[in-house]
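Reading the structure
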Amino acid sequence: MKAFLNVEQSATGRRWIGPSIEEDRLAEAMEQATGLPAPVCRTLARRGVEPHEADSFLAPTLRDLLPDPLTLLDMAKASERFITALDRREKIAVFADYDVDGGTSAALLLTWLRAMGHRAALYIPDRIDEGYGPNEPAMEALAKDHDLIICVDCGTLSHGPIAAAKGADVMVLDHHLGAETLPDCVAVVNPNRQDETGELAHLCAAGVVFMMLVDVNRRLRAKGVTGPNLMSFLDLVALATVADVAPLIGVNRAFVRQGLAVMAQRDRIGLTALADVAGMDSAPTSYHLGFLLGPRVNAGGRIGAADLGARLLATDDPREAESLAKQLDQLNRERREIENEVRDLALLQAEERGFDSPLVWAAGEGWHPGVVGIVASRLKETTNRPSIVIGFDGDIGKGSGRSVTGIDLGASIQKLAMEGLLIKGGGHKMAAGLTVHRDKLDAAMERLAELMARQGADRLGPADLRLDGILMPGAATVELVEQIEKAGPFGASASAPRFVFPDVQIHFAKRVGANHLKATFGDGLGARIDAIAFGAFDGPIGPMIEGHNGARFHLAGRLEINIWQGRQSVQLRLEDAAPAGK
């Protein structure tokens with residue numbers, strides 16, 4: 001396929017790829033059949049949406065997209081045991097992972113139980129002292145004082161710790177890859193069990209918990225008992241789905257779209273307090289979930305008290321919500337400082353090994369385990385390669401990995417653990433965690449690189465930039481952006497459309513903050529648009545646009561609505577650029 005606008009190598013070194021002939025034809029047919037604006041039709045065509053499907057795709061609802069919860073194995077067992085605990089007024093403990101998905105999953109259960117007049121204990125392990133998932137001492141202790149332990153966003157591989165919970169029943173609501181055998185417990189509800197169909201593999205743990213509560217409410221209703229309104233819980237499910245980078249397909253689209261509408265009502269005091277300290281001054285979007293709220297909820301589990309995020313999401317006390325939100329905001333600031341330090345060291349180390357390896361990795365003494373996952377993401381974005389970052393404390397290293405589309409990292413990490421090269425490890429296709437002994441580090445990374453190469457990771461070049469078409473500044477209105485947003489939500493497996501403004505003139509450009517670029521451009525016909533490029537001066541885009549010297553450019557990025565002093569305007573989130581005429 002010919003490069004779009006003949007851009008073979010952009011400022012960021014990428015080849016621009018435009019819509020295919022088939023996508024162009026589908027977009028034209030959709031425009032004629034629906035009357036929707038061409039950019040909206042191009043967005044839908046890229047998703048493979050047919051003209052007769054446009055209306056339902058633009059308005060995803062749980063009524064249309066929520067599968068029967070009983071399609072998941074062990075769901076009936078889990079629901080029945082949960083109701084039994086409620087009926088018998090048993091003591092329940094929720095054991096959750098320390099990330100957003102774990103925190104929201106716990107908050108879903110705690111909020112539902114509180115609405116039914118039932119309190120439950122919350123236990124979230126310390127990332128450094130205990131590590132990911134259930135551990136034997138914690139499970140033993142919880143079993144002494146509780147009748148039912150519910151493990152959320154963890155537990156699928158925790159055979160030993162679950163066996164240690166003697167005297168208590170245990171059930172698992174998870175989404176991480178399962179092994180050939182499952183723990184011996186009441187139920188393991190997990191769309192990524194090996195004996196599942198895989199049709200719901202895109203669910204995060206909060207999605208699994210929500211589906212169980214749907215089934216529980218249904219069973220209670222058959223007994224004449226009314227459960228809590230689950231629609232009001234969708235803000236939590238939306239936050240988890242986006243923050244855990246779950247694919248925005250199927251029911252996940254409805255979770256996020258309807259969850260954002262719930263969040264906009266500001267009824268959950270914890271999320272409202274967090275939005276306020278984060279400076280959110282507009283209706284929530286997927287961007288806010290992934291880049292403003294998610295990192296703050298995660299901050300407690302990364303470098304502070306592991307339960308802060310879950311407590312914030314579950315609290316019904318305004319004063320506690322305000323206090324927890326402020327703590328998490330401060331921890332997030334500290335996390336960024338730690339992350340920047342580790343990122344610089346990891347990039348330098350990985351570059352010395354070579355960015356063309358099928359696996360890019362770095363390891364260092366004292367690197368905080370709470371930021372290694374974020375730094376692994378930065379390495380992946382820089383190199384377009386699966387990436388691992390490991391922090392050592394003595395002879396034991398705890399690491400995290402991030403993958404690229406088409407390369408299954410979680411299964412490979414799990415294979416290394418089975419081969420004895422890792423103390424433990426697991427995850428899913430795009431992200432994984434591991435623990436390794438220093439003596440086996442090099443052998444483990446060499447073996448993992450081999451497994452990545454088998455999947456083609458050594459043949460990956462700079463990622464092509466997929467573009468949805470050309471747009472002129474005069475056509476980029478607030479109304480158009482609002483219509484494009486209806487094709488969302490955008491995120492994992494459903495990237496926001498990128499458009500190119502061709503052959504434009506730079507009217508204004510300057511550095512803002514430490515390394516960001518603010519610019520204004522136009523086509524000479526009167527219309528002008530503002531652009532923002534975060535981190536632009538960490539790469540070539542910032543210097544190129546700031547020093548334009550009157551040159552004209554093709555500018556590529558995503559459209560968004562900027563709100564300043566109550567006024568709305570279109571803004572381009574600039575991602576790439578190329579000199580016009582080349």
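This text follows the structure it describes.
The present account deals with the structure reproduced in this document. Each chain carries its own residue numbering, running from 1 in the written order of its sequence. Thresholds applied to this predicted model are a pLDDT of at least 70 for local features of residues and 80 or more for the giving and counting of side-chain atom pairs; totals over whole chains, interfaces and linings are not thresholded and use all residues. Hydrogen atoms and water are omitted, and side-chain values are computed over all heavy atoms in the structure.

Let's shift gears to the sheet that holds strand β4 (residues 148-152). Strand pairing in a sheet relies on backbone hydrogen bonds. The paired strands run either parallel or antiparallel. Two strands are said to pair when DSSP picks up at least two bridges between them. Secondary structure elements are defined from DSSP: runs of H or I of at least 4 residues count as helices, runs of E of at least 2 residues count as strands, and each element is numbered from the N terminus. Pairing is parallel across the open sheet formed by 5 strands, whose spatial order is β3-β2-β4-β5-β6. In this open sheet, the two strands that pair with only one neighbour each are β3 (121-123) and β6 (187-189). With strand direction ignored, the average angle separating the axes of adjacent strands in the sheet is 20 degrees. Across 3 bridges, the pairing between strand β2 (residues 92-96) and β3 is parallel. Each bridged residue has a counterpart across the sheet, and for A93 the counterpart in β3 is A121. Whether two residues touch is decided by their heavy atoms; if any such pair falls within 4.5 Å, the residues are in contact. Helix axes are fitted to C-alpha atoms over the stretch in contact, other axes to C-alpha atoms as well, and angles between N-to-C directions run from 0 to 180 degrees. Of the strands in this sheet, β2, β4, β5 (169-173) and β6 are in contact with helix α5 (residues 75-87), which crosses β5 at around 130 degrees. Along the sheet, helix α6 (residues 100-115) makes contact with β2, β3 and β4, crossing β2 at roughly 165 degrees.

Another point: the nonpolar core. Core analysis: the biggest nonpolar cluster contains 83 residues, and F82, W112, L173, M212 and L213 have the highest contact counts within it. When residues in this core are grouped by element, the largest group, 10 residues, is from helix α9 (residues 205-222). Excluding its chain neighbours within four sequence positions, the residues that come into contact with L213 are F82, L108, L109, W112, L230 and F233. Counting 44 residues, the second largest nonpolar core, distinct from the first, contains L36, A54, V478 and I545. The nonpolar core is taken to be a set of buried Ala, Val, Leu, Ile, Met, Phe, Trp, Tyr and Cys residues, with the residues joined through side-chain atoms within 4.5 Å. Categorising residues by exposure relies on relative accessible area from a 1.4 Å probe, with only protein chains included: less than 20% of the type maximum marks a residue as buried, more than 50% marks it as exposed, and the intermediate range marks it as partly exposed.

Contact pair helix α1 (residues 21-34) / helix α2 (residues 38-46): the axes reach a minimum separation of 8 Å and the direction vectors enclose 130 degrees. The pairing of α1 with α2 is recorded here as oblique in orientation. Crossing hand, α1 versus α2: right-handed. Residues E23, D24, L26, A27, M30, E31 and T34 of α1 touch α2, and the partners they reach there are A38, C41, R42, L44, A45 and R46. When an angle is under 35 degrees it counts as roughly parallel; over 145 it counts as roughly antiparallel; between 65 and 115 it counts as roughly perpendicular; any other value is oblique. We call a crossing left-handed when the near helix sits turned anticlockwise from the far one by less than a right angle, and right-handed when that turn is clockwise.

As a further point, take the side chain of Q414. The residue Q414 is located in helix α17 (residues 409-418) in this model. With residues near it in sequence (within four places) discarded, Q414 still touches L157, L177, G178, A179, Q194 and G425.

When α2 is considered as a whole, its buried residues turn out to be P39, V40, C41, T43, L44 and A45. Buried residues along α2 sit against α1, α3 (54-58), α19 (478-485) and β13 (499-512). Phi turns positive one or two residues past the end of α2, at G48, with a value near 80 degrees.

With that out of the way, let us pick up the packing of α9 against helix α10 (residues 234-243). As a packed pair, α9 and α10 sit with axes 8 Å apart at the nearest point and diverge in direction by 150 degrees. As far as their axial angle goes, α10 and α9 are roughly antiparallel. Across the interface between the two elements, A206, G207 and F210 of α9 pack against L234, V237 and A240 of α10. When residues are grouped by polarity, Ala, Val, Leu, Ile, Met, Phe, Trp, Tyr, Cys and Pro land in nonpolar, Asp, Glu, Lys and Arg in charged, and all others, Gly among them, in polar. Its residues assigned to classes, the contact of α9 with α10 comprises 5 nonpolar, 1 polar and no charged.

Our next topic: helix α7 (residues 136-145). Turn by turn, an α-helix covers 3.6 residues, leaving residues three or four places apart pointing in a common direction. Among the residues of α7, those classed as buried are A138, M139, L142 and A143. Summarising the axial view, the buried residues of α7 lie within an arc of 130 degrees, below the 170-degree limit, and thus occupy one face. For α7, the exposed residues lying more than 90 degrees away from the buried face are P137 and K144. Structurally, α7 contributes buried residues whose contacts are with β2, β3, β4, α8 (159-163) and β5. Residue N135 occupies the N-cap position of α7, its side-chain oxygen lying 3.0 Å from the main-chain nitrogen of A138. It is the directions from the helix axis to the C-beta atoms whose arc is reported. For the purposes of these results, a polar contact is taken to be a pair of N or O atoms within 3.5 Å, where, inside protein, one atom must be able to donate a hydrogen and its partner to accept one; residues adjacent in sequence count only when each atom of the pair is a side-chain atom.

With that settled, the discussion passes to the sheet that holds strand β7 (residues 360-365). Judged by pairing direction, the sheet is mixed, and its 5 strands sit side by side in the order β7-β8-β9-β11-β10 without closing on themselves. The two strands at the open ends of the sheet, each matched to only one other strand, are β7 and β10 (424-427). Neighbour-to-neighbour, the strand axes of the sheet open up by a mean angle of 15 degrees, direction not taken into account. Where strand β9 (residues 396-402) meets strand β11 (residues 431-437), 7 bridges bridge the pair, whose relative direction is antiparallel. Each residue of the ladder has a partner; that of G399, found in β11, is L434. Helix-sheet contacts for helix α16 (residues 372-383) involve β7, β8 (387-393) and β9, and the interaxial angle to β8 is about 150 degrees. Against the sheet, helix α18 (residues 441-454) engages β7, β8 and β11, with an angle of about 170 degrees to β8.

This part is about the pairing of strand β17 (residues 567-579). Of all 13 residues making up β17, 10 are buried, and the element is well covered by its neighbours. Judged from the 3 bridges that link them, strand β15 (residues 528-533) and β17 form a sheet pairing that is parallel. Paired with D530 across the two strands is Q571, which belongs to β17. One ladder, built from 12 bridges, connects strand β16 (residues 552-564) with β17; its direction is antiparallel. When the sheet's bridge partners are listed, L559 is paired in β17 with L572.

Between rings of Phe, Tyr and Trp, where Trp is taken as its six-membered ring, a pair exists when centres lie within 6.5 Å; planes separated by under 30 degrees are stacked, by over 60 edge-to-face, and by other angles tilted. A full pass over the atoms with the stated rule returns 5 aromatic pairs. Judged by centre distance (5.5 Å) and plane angle (80 degrees), the ring pair of F210 and F255 falls under edge-to-face. One end of the pair, F210, is in helix α9; the other, F255, is in helix α11 (residues 251-264), with 45 residues separating them in the sequence. For F210, a relative accessible area of 2% translates into the label buried. Over the ring of W361 we find R353, and its NZ or CZ is 3.5 Å from the ring centre. Above the plane of the ring of Y287 lies R573, whose end atom (NZ or CZ) is 4.8 Å from the centre. A ring is considered to have a charge above it if a Lys NZ or an Arg CZ atom is located within 6 Å of its centre and within 35 degrees of its normal.

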